[in-house]
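Residues per chain, in single letters:
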Amino acid sequence: MKHVKRLLVVLVLSITCNMFAQKEFKWFDESIAFEERADLLVQAMTLEEKCTQFLNSSPAIERLGVPEYNWWNESLHGVARNGKATIFPQGIAMGATFNPDLIQEMTTAISNEGRAKFKIAQSMGNRGLYAGLTYWSPNVNIFRDPRWGRGQETYGEDPFLMSKIGVAYVKGLQGNDSKYLKATACAKHFAVHSGPEELRHHFDASPSKLDLYETYLPAFEALVTEGNVKGVMGAYNAVYGDPSCSSQFLLDELLKKQWGFDGYIVSDCGALGDIMKGHKKVKTAEEAAALAMQSGVNLNCGWVYNNLKKAIDKGLITEELIDERLKQLYLIRFQLGFFDREESNPFNKVTSEVINSDEHKEIARKVAQQSIVLLKNENNVLPLDKNIKTLYVTGPFASSSNILMANYYGMSANLVTVLEGVTEKVSLGTSLNYRQGVLPFNKNQNPLNWAPKVAGQVEATIVVVGISNEIEGEEVDAIASQHKGDRKDLKLPPSQVQYIKELCEYKKGPIILVVGTGSPVSLEEVEPLVDAIVCMWYPGEQGGNAVADVLFGDVAPSGHLPITFPKNVEQLPPFDDYNMKGRTYKYMTKEPQYPFGFGLSYSTVAFKNASVSSTKLKRGKDLLFSAEVTNTGKIDYDDVVQVYLVPENVADYLPMYSLKAFRRVNLKVGESKTIAFKFSENDFKQTNLEGEKVWMKGNYKLVVSNALPSKRSIELGSAKPEEVQLALK
């Protein structure tokens, strides 16, 4: 009882002080512009008070009415690490939807939940870690090498796709009010960061100018210039010899001067310490703090900015610079409405009912449905009949909720496993059997195992395999990884491969392989043995329902690969080589297992009548491209129309293919639609060896397809591409 009374007294005092402060201080005056209010507040602080505000955990300044605030929160695929929230599919699955509109709808739901949770947290005095509205998502580093454990957080290997999904993510999260921000997104990790995880604290990435501007920077630029993202996180690694969080080139020249970024820059956690310890750029913490502050880092996740006062005392930086950087931080807090009346901000109207609501679960299910990629369907064994008499569900992840969650996740009481989804889908008269059959990462301890033999007793077997967040992930999180979250090869664990082989030895009906993963898996050893392969990624809390929807034909598969699946690791360049030669669909000359953009369905399409408004294009002119797409199958479904630019007699260093447009299209049986795209001059500019976007005269092709327009895609069952010749004059 005493505890309750004490809490009430604290709340009353807090409210009273806040009311007094709002009457007393001009920065609470809502008639004044945010810029001026931020100036007034910063000017009212002492130097000591200012220096406390640059860490992610920023203490209260009670005399000025400034509450405590912790900047660190996560929302990679749902509000994360902060209790109950809807768990949406992982980032790589978002890329596989090729549907920016759906991703914006999803992140609108995420920010609604975030606002509701923030309101509740504030009411109970929770201002700590993961309770704020400044989300450190999305991850738009290019997934250049499938061994990278954090590639699962990204939207794939293509800069154009990454940009479109990333911008949609930011818009949904930050809202569309003319005055207030709903929440803030943060583009990370800037820049040239994609493994190996164990080297990130001291690695120096020095890509060619061509690769830097063609591959590594476009998504960051798009999020700034198109998405108006309010946060950017500096990476651990160095670029061209300078740590990313103290790089004048990255943070000032590119981000601010060229792209016009006006938000806040935060260090990756501990990255400012790496300036001194990992990269050995300076010798003292004061020097590291000064260097980062001068370069543009507003906020330190870590400890180095505890030394800002010492850096000023030593003359390394000025109080004027401190004021400039601090004002940028407080502008964000003002734009979020933290110093305004609750009723002034329209985003405060959201209520707790939105948190993990039925509506949001349906969005999670829809994203998962559209992300699932059908890789093989021999003899059309899928979809399965719901009235199947006997069915076997097995595999290390068939009843696993962990395979649904990926990393940076929230908490939900509604996690639906594949086994649960299938159980709900089939007839009550179906004899459904389940055994795990095999340990996920190790050999079974018991030499006796009846599980493989059950496949000989049923009409079909669904085996759920994969790698999970225990094998791939961030350096400090993947607890089953011997390589700090990265992978040395792309194979499934040997125990799983052996189990698949045993099932195939005994099988009576088809074997349907369901793969949970956040990255490409080498399937060359098991692909010939199984009848169907479904990639479900890490599909979120409704994953089991979505997988069952697809397996039993309530929803036709429509996901497409956002990353190339190599046949094996031997097809890849060295992991620590940031040269893009031989990497991704743009530069890989070896035949992959499954190409970028590939995905089968239960129906087929045909393309014809591709045309352009002009076959000879001059600078400054727009180009209209159109093609007719027809559903030639027997069911209604969605497909993803993809348009690629293919150079023919231009510079030999250009990408072999470049995705230039895509659109998800719903087609009824027999229906034809004319799909049109408008391209500007900038869409045809190429990156030269100096990293400049230039007009390169020569002959090109525009090719429309539903996968990378390669021989391999057609062999696997993709539609025959249609192409038109185009000369740039």
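Up top you'll find the structure we're talking about.
Below you will find a few notes about this structure. (Residues numbered from 1 in each chain as written. Predicted model: local features only at pLDDT ≥ 70, side-chain atom pairs only at ≥ 80, totals over all residues. Heavy atoms only, no water.)

With that settled, the discussion passes to the overall build of the chain. The helix and strand tally for the chain stands at 20 helices and 24 strands. Radius of gyration (C-alpha) of the chain: 27 Å, near the 27 Å computed for a compact globule of 729 residues. By principal-axis analysis of the C-alpha atoms, the chain measures approximately 75 × 75 × 50 Å. Scored against the burial criterion, the 729 residues of the chain give a buried share of 63%. Partitioning the intrachain contacts of the chain with sequence separation of at least 6 by distance along the chain shows that 78% fall at a separation of at least 24. As presented, the chain carries roughly 27600 Å² of accessible surface, and 50% of it is formed by carbon and sulfur atoms. Considering the chain, the positive charge centre built from 81 side chains and the negative charge centre built from 86 side chains are found 1 Å apart. (Helix = DSSP H or I, 4+ residues; strand = E, 2+ residues; numbered from the N terminus. Rg over C-alpha atoms; globule rule 2.2 N^0.38 Å. Buried < 20%, exposed > 50% of the residue type's maximum accessible area, 1.4 Å probe, protein only. Contact = heavy atoms within 4.5 Å. Areas by Shrake-Rupley, 256 points an atom, 1.4 Å probe, with all protein chains shown as cover. Lys, Arg positive; Asp, Glu negative; His and termini not counted. Charge placed at Lys NZ, Arg CZ, Asp CG, Glu CD.)

With 17 residues, helix H13 (residues 319-335) should reach 24 Å at 1.5 Å per residue; the first-to-last C-alpha distance of 24 Å fits that figure. For H13, a buried count of 13 out of 17 residues is recorded, marking the element as mostly surrounded by other parts of the structure. After H13 finishes, the residue Gly337 shows a positive phi value of roughly 85 degrees. (Expected span 1.5 Å × (residues − 1).)

Tallied over the entire structure, the rule returns one disulfide. Residue Cys269 pairs covalently with Cys301 via a disulfide, S to S 2.0 Å. Between Cys269 and Cys301, the disulfide has an S-S torsion of 85 degrees and is therefore right-handed. Highlighted residues: Cys269 in the loop between strand S8 (264-267) and helix H10 (271-276) and Cys301 in the loop between helix H11 (285-295) and helix H12 (308-313), separated in sequence by 32 residues. Free of any disulfide, Cys186 has its nearest cysteine sulfur in Cys269, 10 Å distant. (Disulfide = S-S within 2.5 Å.)

This part covers unusual backbone geometry. The omega torsion of the bond from Phe190 to Ala191 falls at 10 degrees, within 30 degrees of zero and hence cis. Considering the arrangement of structural elements, one finds Ala191 in the loop between strand S3 (186-190) and strand S4 (204-205). With an omega dihedral of 5 degrees, the bond running from Leu382 to Pro383 counts as a cis peptide bond. For Pro383, the position within the fold is in the loop between strand S9 (373-377) and strand S10 (390-394). Located in the positive-phi region is Asn356, a residue other than glycine, with phi close to 55 degrees. Looking at the element boundaries, Asn356 is found in the loop between H13 and helix H14 (358-371).

With mixed pairing, the five strands of this open sheet are ordered in space as S16-S24-S23-S18-S19. The open sheet has two edge strands with one neighbour each: strand S16 (616-617) and strand S19 (658-667). (Pairing = 2+ DSSP bridges.)

The subject of this paragraph is the packing of aromatic side chains. Scanning all chains against the criterion turns up 30 aromatic pairs. With a centroid separation of 4.6 Å and 10 degrees between ring planes, the pair formed by Phe25 and Trp27 is classed as stacked. The exposure class of Phe25 is buried, given its relative accessible area of 19%. Taken together, Phe28, Phe34, Tyr180, Tyr330, Phe334 and Phe339 form an aromatic cluster joined through their ring pairs. Against the face of Tyr578 rests Arg144, its NZ or CZ located 3.8 Å from the ring centre. For Arg663, the ring lying beneath its charged end belongs to Phe677, and the centroid distance is 4.4 Å. (Phe/Tyr/Trp six-rings, centres within 6.5 Å; stacked < 30°, edge-to-face > 60°. Lys NZ or Arg CZ within 6 Å of the ring centre and 35° of its normal.)

For the structure shown, the criterion picks out three cavities of 30 Å³ or more. Of the voids in this model, the largest cavity is the one considered here, and its volume is about 90 Å³. In terms of lining residues, the largest cavity is bounded by 13 residues, among which Arg144, Pro146, Glu157, Leu572 and Thr584 are the most central. Looking at the lining of the largest cavity residue by residue, the classes come out as six nonpolar, three polar and four charged. (1 Å grid on protein atoms, 1.4 Å probe; cavity = no way out; pocket = protein on both sides within 12 Å on 5 of 7 lines; lining within 4 Å. Points joined across faces, edges and corners; volume = space filled by probe spheres on them. Nonpolar A, V, L, I, M, F, W, Y, C, P; charged D, E, K, R; others polar.)

Let's shift gears to the layout of surface pockets. There is about 1000 Å³ of room inside the second largest pocket. Lining the second largest pocket are 37 residues, with Phe160, Pro218, Lys660, Asn682 and Asp683 sitting closest to its centre. Contributing elements (two or more residues each) for the lining of the second largest pocket: helix H5 (100-123), helix H6 (159-174), helix H7 (209-216), helix H8 (218-225), S19 and strand S20 (672-679). A per-element tally of the lining of the second largest pocket places S19 first, with seven residues. Its residues assigned to classes, the lining of the second largest pocket shows 14 nonpolar, eight polar and 15 charged.

When you line up the elements, Ala121 lands in helix H5. Residue Ala121 is classed as buried on the basis of its relative accessible area, which comes to 7%. With residues up to four places along the chain from it excluded, the contact list for Ala121 reads Asn126 and Ala131.

A few words now on the pairing of strand S17 (residues 623-631). Within S17, eight of the nine residues are buried, leaving the element largely enclosed by the surrounding structure. Here strand S15 (residues 605-612) runs beside S17; their pairing, made up of six bridges, is antiparallel. Bridge assignment links Phe607 to a residue of S17, and that residue is Val629. Two elements, S17 and S20, share eight bridges in a ladder whose sense is antiparallel. Looking at the pairing, Glu628 lines up with Thr674 of S20.

Attention shifts here to the nonpolar core. Trp136, Phe190 and Tyr305 are the most contacted members of the largest nonpolar core, which has 126 residues in total. With eight residues, the top contributor of residues to this core is H13. When neighbours within four sequence positions are excluded, Tyr305 is seen to be in contact with Cys51, Phe54, Leu55, Leu272, Ala289, Ala292, Met293, Val297, Asn298, Leu299 and Asn300. (Core = buried A, V, L, I, M, F, W, Y, C linked by side-chain atoms within 4.5 Å.)

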